[in-house]
Amino acid sequence: MAAAARAVPRALREAAAAFSAGGDVAAALGALRAALEAAGGAAALAERERAQYGAFLRRLVGNPDSLPAPQRQRLWRGFFAEAPAALGFPVLAEAVAAPGPGFCLTMVVETLEQFLQEGRLSALMWEVCQQQAQDRSPELQETLLSKIVCLPDHVSNKLQGKNPPVFFPQNYFPLLGSAIIQVLQKISDSLRGGLDCSISFVSHVLGKVCIHGRQKEILSVLVPHLTDVTKSDCIWQRICWRLVECVPDRWMEAVVLGFVQRASGADVLSRLLGNLVVKNKKARFVMTQKLLLLQYGYTTAVLQNVLGYLSLDSLRRALLIKVLQELLETWGSSSAVKHSPAEQQQYISKAILICLSHLKEPEIESCRQELLASMMAGVKCHLDSSLPQIRRLGMIVAESISLKINTDGPVLKFQYEEDNETRELKSLLVQTPPCSVVPSLPDDDRNERADAALPVVLESNEKPHRAAPVMPDEESDAELDSDDDLIPYDMSEDKELKTTKAPVYIRDCIEVLTGSDDVDKWDATIKALENLIQKNPAATREVSVELAKILLHLEEKTCIEGFAELRQRAQVAVLITDPIPVAQYLTSQFYSLNYSLRQRMDILDVLVLAAQEMSYPKIRGKNKHSGAQKPCIQLLPGSDSSKDWRRIVNERIKSKTRRFAKGQSEVKQDSVPNEFNSIAGHFFFPLIQNFDRPLSTFDLLGEDHFVLGRLAHTLAILMYLAVNAMAVTTMGKALLEFVWALRFHTDSYVRQGLLSCISSILLGVPTEHLLEDTTEELLETQSWLADVVEKDPDGDCRRLALQNLLLMENLKKKLETVPS
Amino acid sequence: MALPPPDPEFVLRGTSAAVHTLHFSCAGQEPDFPILFSGSENGFVHVWNLKTRRVDTALDGHGRKSVYWVETLDAKDRLLSQGRDQRICLWDLAEGRTSVTDSVFTENVGFCRCSLLKVAQGRWLMAMAAKSLEEVQVLELPSKTSVCTLKPEVGAKLGMPMCLKLWQLDSGSQPWLLAGYEDGSVILWNLSMGKALSQLVCHQEPVMSLDFDSEKAKGISGSSEKVLSIWSLNEQQNLQVHKIHKLVNSGISDITIRSDKKILATAGWDHRIRIFGWKKMKPLAVLDYHTATVHCVSFSDHRNPTERLLAAGSKDHRISIWSIYTQT
């Protein structure tokens with residue numbers, strides 16, 4: 001045996017000499033093969049011989065031509081096939097990456113393909129792992145590592161389009177994944193056999209693949225398998241933990257994110273990662289900071305995985321509380337509420353709710369005061385926001401926190417509309433039961449808590465169910481058939497019968513509204529008022545300002561359904577009947593002392609609605625229907641006027657878009673003069689004049705930014721409705737100045753209003769005037785818009801700005817096509 | 001979204017006075033046409049042909065005093081009518097005749113409608129408010145002999161009887177009387193013993209109307225209040241309140257349970273007819289057509305259940321005819 005082993009170096013030397021001297025290569029190789037066989041195969045070589053063998057293979061790769069032609073392929077391949085994977089693979093990979101002269105690419109690639117298909121990748125890694133246990137040359141491993149991971153890139157670089165499918169990343173990395181599984185299997189076997197084994201090379205491979213952006217391919221193979229084998233096997237669990245722990249810090253983030261996104265549940269994640277967050281700083285940073293506070297693109301399931309993972313071990317629970325505190329800090333910071341996008345705030349709210357669902361009674365007890373403090377701060381700045389979505393988020397989170405910290409006392413309760421989003425958020429407060437039982441968990445406790453939290457959601461779901469009331473009837477079990485086959489008719493009209501008669505004259509109405517204590521009469525009056533005003537324009541004109549004043553100051557005496565809308569309709573009717581004096585009155589009141597924000601916003605709404613009706617003569621006949629469908633602009637602040645605006649712009653865009661396939665299907669309306677045109681100025685200018693003069697009770701540029709936002713939207717709509725009016729150019733100019741003054745306002749609702757103003761200007765003012773009179777302003781605005789598109793944190797603002805830029809672009813094009 | 005409530009099938013106009021009572025007679029075979037009798041405030045009983053939707057005959061027998069109860073004895077040609085002239089008339093309407101063949105002088109000045117129960121072929125019991133204020137008298141028809149007089153105990157202070165309902169569990173068995181009184185109580189009377197078995201105070205105001213379902217031993221009553229009271233009769237012949245159903249507006253002038261015991265209708269002072277499922281008092285519909293108080297509601301006795309109609313008579317001189325929940 002020893003003699004045979006000695007024969008190998010000699011044969012190697014001779015073969016090398018044959019290559020360099022150009023001797024009988026075939027004979028030398030034949031001798032080498034014989035010697036190797038005698039020594040028991042290439043795998044059995046000692047270290048020195050291995051190095052020599054490696055050098056020989058390198059030489060062989062470079063000179064395939066020196067082999068005798070007939071057996072060239074077979075012989076050449078034979079050497080690589082028989083060589084140990086750790087020797088043959090790097091030589092081949094190197095040859096692909098940096099080909100030498102006289103090198104046959106196809107042969108190398110074919111050999112590599114065969115190598116992969118025979119599954120020798122796992123053999124390769126296993127060899128390295130074994131060597132690693134004996135602690136050998138890290139540099140060599142490093143090169144090997146990059147060869148394994150970058151092989152698809154190298155091969156495709158060389159072969160360009162003719163890459164064999166096995167080297168496609170979507171094929172190669174799953175293959176690599178299954179090779180890793182095989183290696184892990186071997187490691188597990190050898191551990192069971194009592195042998196030491198190093199896993200770090202596999203971890204390196206995994207890390208490097210992940211950082212190269214191939215998490216999806218490799219982990220989609222690895223994670224399901226690992227999930228499966230770790231279910232009941234603690235050795236596998238240990239292997240898995242080690243596998244992740246050994247990933248170098250610089251690749252840790254990619255690996256952890258991959259696992260977090262692919263694990264099918266928090267318990268699975270906990271099994272796969274162990275206490276990684278406690279041991280590894282980088283992983284802790286990723287899981288507790290980056291993923292929760294810095295990024296917000298992940299799904300709710302990922303959040304649930306991460307936070308559930310944190311809650312599943314006593315060591316990690318401390319982190320969970322810390323995370324919750326940090327989340328609450330962000331949630332309660334007014335700057336974050338103001339400047340971060342709504343999506344991120346929603347993400348953080350979700351995370352808070354999930355955290356709360358995991359907390360236990362004693363833990364809450366320990367940080368109740370802090371929770372309370374941050375809740376108070378957070379509610380305040382959320383309710384300050386002018387975006388309804390943010391306000392609602394604040395309400396939901398605050399309700400949930402208060403529910404958790406006041407187990408017996410009164411809890412916070414807000415009024416908001418239920419929709420899918422709120423239901424989803426609230427459902428997060430209830431833990432989904434783990435799909436497989438994790439033995440180390442105090443499960444009963446968890447379920448109890450879930451039960452305790454359940455009524456919250458049930459309560460919120462109750463409303464839809466209530467539509468079909470099921471009476472708790474003691475006989476119900478005895479009576480199988482019931483009334484249910486009788487379908488009730490609509491009974492919404494079934495209201496209390498009114499006996500009082502509504503007044504018939506406007507002056508009577510004024511009397512009732514100012515002086516009367518008769519609630520029924522008052523009620524009937526407010527309901528009849530709009531109709532009366534519309535029927536008696538002459539009589540209304542005599543008292544129009546007085547009536548407008550009464551209506552503006554009218555308070556709801558008793559609970560009347562739709563009071564706000566009734567009052568608004570009446571106000572609009574007065575304004576339409578006698579536009580100039582009433583508009584003067586209303587706009588002057590908007591900037592005067594001692595009005596509530598509510599009243600000021602009423603003024604704005606009334607101006608807009610009246611302007612709208614006057615400029616669309618066709619809908620005036622259908623007033624009542626449109627009023628009924630659009631319940632109370634006032635009750636849904638924020639969303640409505642901006643939506644109006646969007647609808648208008650959409651219509652406008654639609655009308656400007658030329659469609660070839662469609663004929664002109666619209667029937668032409670009878671043309672009616674636009675009543676709003678002549679009086680647009682009376683609506684517009686008094687409103688825009690005084691916005692920068694703070695009063696003692698009203699500061700548009702300061703605290704009352706919500707009204708400022710409404711004002712901006714109102715001006716935008718008025719501007720748009722005044723299209724073709726005489727004053728439109730002056731209005732546009734004034735509005736541009738208004739926008740310019742406020743363009744860096746911190747509130748996104750205000751900015752949205754300003755952007756709508758710009759759209760209205762672009763659509764409303766005739767192009768020639770716009771370019772003649774306001775060229776500089778337009779250019780400035782354009783650069784501001786470009787800035788908003790890039791940098792604004794609010795998605796709606798970005799979208800609006802982009803739309804504006806498009807409109808500008810269209811204007812420019814139009815100008816080019818029309819020769820001036 | 002639930003369907004809007006239906007409109008009336010048709011409306012009968014022409015009584016030229018408030019309608020106080022209605023009675024269908026539709027069980028006859030072809031070529032008989034369905035008939036609706038209506039009694040109105042001007043003392044006429046109108047016979048409506050429901051095929052032509054016209055008045056066939058107008059019967060004038062109560063001296064222009066309001067008619068507030070009409071009922072047929074088996075066939076449509078023998079009609080009982082009760083008027084404010086304190087008389088109950090028996091009409092013979094066969095072969096186009098319109099004559100009063102018999103009459104009972106009640107000497108009662110109240111508004112209490114009579115109640116009729118057929119106890120055997122050609123033998124009826126009729127309960128009516130009697131001359132003295134609190135009493136109810138039961139007569140046998142057609143002989144007009146008094147069966148019993150039901151007097152409340154001395155000092156009971158029930159006030160006048162307001163509404164009556166004679167019933168028996170099945171034909172041939174003992175007849176019972178339910179009477180609603182002015183003080184808001186309902187009393188169950190045993191006719192053979194002439195004794196009050198059970199008294200239930202179910203309203204604060206006079207009981208305006210009641211109806212009883214003998215199969216389920218459950219009844220319903222309405223008053224001038226905002227509630228309907230549903231009560232039941234237990235094995236020990238005790239009345240007890242089962243449920244109180246709140247209404248939107250106060251005042252119920254008539255309640256009728258349909259003969260199949262599936263739905264019931266109420267006539268409201270708020271001009272509306274309300275339909276409920278009888279089993280659970282599930283509100284089913286609010287029929288809003290009339291412009292004044294609805295005085296009476298009545299279900300037709302068509303043999304084919306899908307043809308069944310509901311009629312309501314109102315102070316606005318109209319009779320509205322509805323076809324509702326006929327498929328069940």
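- Identification of chain B as Guanine nucleotide-binding protein subunit beta-like protein 1 isoform X2 from Apteryx mantelli is taken from an unreviewed UniProt entry.

- Where an unreviewed UniProt entry is consulted, chain A appears under the name Telomere length regulation protein TEL2 homolog, with the organism given as Apteryx mantelli.
- UniProt lists a comment for chain A under the heading Sequence similarities (unreviewed entry), and it reads "Belongs to the TEL2 family."
- Regarding chain A, the UniProt comment filed under Subcellular location (unreviewed entry) reads as follows: "Cytoplasm".

### Quick look at the side chain of Thr106 of chain B
Here comes step 1: Its location among the elements puts Thr106 of chain B in the loop between β9 (99-105) and β10 (115-120).
Here comes step 2: Assessed through its relative accessible area of 7%, Thr106 of chain B is described here as buried.

### Describing the packing of aromatic side chains
Here comes step 1: Tallied over the entire structure, the rule returns 11 aromatic pairs over all chains.
Here comes step 2: Against the face of Trp740 of chain A rests Arg743 of chain A, its NZ or CZ located 3.5 Å from the ring centre.
Here comes step 3: Lying across the ring of Phe299 of chain B, Arg258 of chain B places its NZ or CZ 5.9 Å from the centre.

### Considerations on the pattern of salt bridges
One side chain can pair with another of opposite charge once the charged atoms of both are near each other.
Here comes step 1: A complete count under the given rule lists 41 salt bridges over all chains for this structure.
Here comes step 2: The partner of Arg567 of chain A in a salt bridge is Asp602 of chain A, and the shortest N-O contact between them spans 2.7 Å. Linking Arg567 of chain A in helix α29 (residues 563-577) with Asp602 of chain A in helix α31 (residues 597-615), this pair joins segments that are 35 residues apart in sequence. The burial state of Arg567 of chain A is the same as that of Asp602 of chain A; both residues are buried.
Here comes step 3: We note a salt bridge from Asp92 of chain B to Arg97 of chain B, for which the minimum N-O separation is 2.8 Å.

### Describing helix α9 (residues 169-192) of chain A
In an α-helix, one turn spans 3.6 residues, which is why side chains three or four residues apart end up on the same side.
Residues and elements named next belong to chain A.
Here comes step 1: The terminal C-alpha atoms of α9 lie 34 Å apart, and with 24 residues this matches the ideal 34 Å at 1.5 Å per residue to within 8%.
Here comes step 2: Buried within α9 we find Tyr172, Phe173, Leu176, Gly177, Ala179, Ile180, Ile181, Val183, Leu184, Ile187, Ser188 and Ser190.
Here comes step 3: Positive phi appears at Gly194, one or two residues downstream of α9, with a value of about 85 degrees.

How each quantity is defined
Residues numbered from 1 in each chain as written. Chains lettered and ligands numbered in written order. Predicted model: local features only at pLDDT ≥ 70, side-chain atom pairs only at ≥ 80, totals over all residues. Heavy atoms only, no water. UniProt positions renumbered as here; feature names shortened; annotations may be inferred. Helix = DSSP H or I, 4+ residues; strand = E, 2+ residues; numbered from the N terminus. Buried < 20%, exposed > 50% of the residue type's maximum accessible area, 1.4 Å probe, protein only. Phe/Tyr/Trp six-rings, centres within 6.5 Å; stacked < 30°, edge-to-face > 60°. Lys NZ or Arg CZ within 6 Å of the ring centre and 35° of its normal. Salt bridge = Lys/Arg side-chain N within 4 Å of Asp/Glu carboxyl O. Expected span 1.5 Å × (residues − 1).

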